[in-house]
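Listed below, chain by chain, are the residues.
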Amino acid sequence: MSKGLEYLIAFLLGFVLVTVLIHPAPARNLGQWENSDPDTKEWFRTLMQPDNPTISCCGDGDAYYADKINVIDGKTYVTITDERDDKPLVRGHIPVGTVILVPDYKLKWDRGNPTGHNIIFVIYSSLYVLCFVQSTGI
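Residues numbered from 1 in each chain as written. Predicted model: local features only at pLDDT ≥ 70, side-chain atom pairs only at ≥ 80, totals over all residues. Heavy atoms only, no water.

## Brief notes about the confidence of the model for the chain
The cut-off we apply is this: Confidence of the predictor at the level of single residues is captured by pLDDT, which takes values from 0 to 100. Note on definitions: a residue-residue contact is assigned when non-hydrogen atoms from the two residues lie within 4.5 Å.
With 72% of its residues at a pLDDT of 70 or more, the chain has an overall mean of 81. Under a pLDDT of 50 for its full length, residues 15-29 has, in the predicted model, five contacts with residues more than four places off or in other chains.

And the structure:
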């Protein structure tokens, strides 16, 4: 057997061994909602964007409490009130007090909100709003 073939066989065996030993990373959970009642978990997992009903509002990593709402000249502004640690939620930091304009087409009304908080789903780097859901307790 040639040295080149021996190296190839050793490489392939090593590759197979590494592949077998690598475990897939666990799926990202729903942060604080993971241990919630089944209805809240289901609500969170199935929440869709109001203007794109086949696209998710995303996950806990995009969710921020925004319990202060102001309507000025017919436009909805929300203020980030979320003091939770960003690291366990695997999300970027948006400082408390940041005001975000929520376009009307991103206001979600059809699914209720059992969390006890207004929640804005936003891409933190650009503050692009995915959806905003007011707390209803439903």
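## Notes on the pattern of salt bridges
Where we set the bar: Any carboxyl oxygen of Asp or Glu within 4 Å of a side-chain nitrogen of Lys or Arg constitutes a salt bridge here. A run of H or I in DSSP counts as a helix once it spans at least four residues, and a run of E counts as a strand once it spans at least two, with each numbered from the N terminus.
Scanning the entire structure with this criterion turns up five salt bridges. The salt bridge involving Lys-106 is made with Asp-51; its shortest N-O contact spans 2.9 Å. Of this pair, Lys-106 sits in the loop between strand S4 (99-102) and strand S5 (107-108) while Asp-51 sits in the loop between helix H2 (38-46) and strand S1 (63-65), and the two are 55 residues apart along the sequence. Connected through shared salt-bridge partners, Asp-82, Arg-84, Asp-86 and Arg-91 make up one network.

## Points about the sheet that holds strand S7 (residues 128-133)
The pairing of strands in a sheet happens through backbone hydrogen bonds and is either parallel or antiparallel. Just so we agree on the cut-off: Strands are labelled as partners when DSSP assigns at least two bridges between them.
Taken in spatial order, the four strands make up an open sheet running S1-S6-S7-S5, and their pairing is mixed. Only two strands of the sheet have a single neighbouring strand rather than two, namely S1 and S5. Here strand S6 (residues 119-123) runs beside S7; their pairing, made up of five bridges, is antiparallel. Considered in S7, the bridge of Ile-119 is made with Val-133.

## Re the pairing of S6
Note the threshold: Think of it in three bands: with a 1.4 Å probe and only protein chains considered, a residue is buried below 20% of the maximum accessible area for its type, exposed above 50%, and partly exposed in between.
The buried fraction of S6 is high, at four of five residues. Alignment of S1 against S6, held across three bridges, turns out to be antiparallel. Residue pairing in the sheet places Ala-63 in a bridge with Phe-121 of S6. In this structure, the hairpin formed by S6 and S7 is closed by a connection of four residues, where Leu-127 is found at a positive phi of approximately 60°.

## Observations concerning H2
Formally: Directions are taken from the helix axis to each C-beta atom, and the arc is the one they span. Within 3.5 Å is the distance limit for a polar contact, defined as a pair of N or O atoms, with the added protein rule that one can donate a hydrogen and the other accept it, and that residues adjacent in sequence qualify only through two side-chain atoms.
Here H2 has its buried residues at Thr-40, Trp-43 and Phe-44. Relative to the axis of H2, the buried residues are bounded by an arc of 95° and lie together on one face. Opposite the buried face of H2, by more than 90 degrees, sit the exposed residues Pro-38 and Asp-39. Against S1, S6 and S7 lie the buried residues of H2. For H2, the side-chain oxygen to backbone nitrogen distance between the N-cap and Asp-39 is 3.0 Å, and the N-cap itself is Asp-37.

## Notes on the packing of aromatic side chains
A ring pair, where both rings are aromatic, is described by two values, the distance of the centres and the angle of the planes. Threshold: Ring geometry is summarised as follows: Phe, Tyr and Trp rings, the Trp one being its six-membered ring, pair when their centres sit within 6.5 Å, and such pairs are stacked at plane angles under 30 degrees, edge-to-face over 60 and tilted between the two. By definition here, charges over rings are those cases where NZ of Lys or CZ of Arg is within 6 Å of the ring centre and within 35 degrees of the ring normal.
Overall, the coordinates contain two aromatic pairs when judged by the stated rule. Relative to Phe-44, the ring of Trp-43 has its centre 6.1 Å away and its plane inclined at 65°; by these criteria the two rings are edge-to-face. Using a relative accessible area of 4% as the deciding quantity, one classes Trp-43 as buried. Members of the aromatic cluster, each reached through a chain of ring pairs, are Trp-43, Phe-44 and Phe-121. Stacked on the ring of Tyr-65, the Lys or Arg Arg-84 has its end atom at 4.1 Å from the ring centre.

## Digging into the environment of Lys-87
By secondary structure assignment, the location of Lys-87 is in helix H3 (residues 86-89). The exposure class of Lys-87 is exposed, given its relative accessible area of 71%. Counting along the chain gives 26 residues from Lys-87 to Gly-61, while the straight-line C-alpha distance between them is 9.3 Å.

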